[in-house]
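# Descriptive analysis of the structure
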Amino acid sequence: MAMVRYIVDDVDAAIAFYCTHLGFREVMHPAPAFALLVRDDLRLALSRPGGGPGGGQAMPDGTLPRPGGWNRISLEVADVEADARRLSAAGVRLRNEVVTGVGGKQVLVEDPSGNPVELFEPLLPEARENR
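The structure reproduced in this document is the subject of the present report. Just so it is clear, the structure is predicted and the values come from calculations on it, not from any experiment. (Residues numbered from 1 in each chain as written. Predicted model: local features only at pLDDT ≥ 70, side-chain atom pairs only at ≥ 80, totals over all residues. Heavy atoms only, no water.)

On to the sheet that holds strand β5 (residues 73-76), then. Pairing is mixed across the open sheet formed by four strands, whose spatial order is β5-β8-β7-β6. Across the chains shown, the open sheet's two edge strands, defined by having one partner strand only, are β5 and β6 (99-100). Pairing of β6 with strand β7 (residues 104-110), which is carried by two bridges, proceeds in the antiparallel orientation. What sits directly across from T100, in β7, is K105. Docked against the sheet, helix α2 (residues 80-89) engages β7 and β8 (116-122), running at close to 15 degrees with respect to β7. (Pairing = 2+ DSSP bridges. Helix = DSSP H or I, 4+ residues; strand = E, 2+ residues; numbered from the N terminus. Contact = heavy atoms within 4.5 Å. Axes fitted to C-alpha atoms, helices over the stretch in contact; angles between N-to-C directions.)

On to the pattern of salt bridges, then. Oppositely charged side chains can pair when the atoms bearing their charge come close. Following the criterion strictly, the structure yields six salt bridges and no others. The salt bridge partner of D40 is R39, with a shortest N-O separation of 4.0 Å. Given the relative accessible area of 63%, D40 is considered exposed. Note that E118 and R72 form a salt bridge whose closest N and O atoms lie 2.9 Å from each other. Here R72 lies in the loop between β4 (42-47) and β5 and E118 lies in strand β8, a separation of 46 residues in the sequence. (Salt bridge = Lys/Arg side-chain N within 4 Å of Asp/Glu carboxyl O. Buried < 20%, exposed > 50% of the residue type's maximum accessible area, 1.4 Å probe, protein only.)

The next point concerns a nonpolar patch on the surface. A cluster of nonpolar side chains, namely V102, L123 and L124, defines an oily patch on the protein surface of about 290 Å² accessible area. Mapped onto the secondary structure, L124 falls in the segment after β8. (Patch = residues over 30% accessible without salt bridge, like charges linked within 9 Å, V, L, I, M, F, W, Y side chains within 5 Å. Areas by Shrake-Rupley, 256 points an atom, 1.4 Å probe, with all protein chains shown as cover.)

This is the structure we're talking about:
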């Protein structure tokens, strides 16, 4: 099992997004500034900047973590084009149209804080999770 931490502006909004749209389930939400979600073998820790001790706390120089950027989790899907249409219709922001690469098709969606999530549909057998 792997764990990824995302910095989010609003933990409750992030929980709703990941659980409603991307198939995660909430494991715990012990404080307003932190929650832990799970999907298959991925644990997703959500932390609010400046939310106290833990992943959202300021660095020693006072710098606060912030959401966004280009590093991302990638979730394998069966039909990326159908998922992109469904998410767009639900008001989820897509950073791009579906593109086809060497191993598959992908689209980037954003959570409510602007963190990217890649939806990936493998086209080659060796690009699949369960080979």
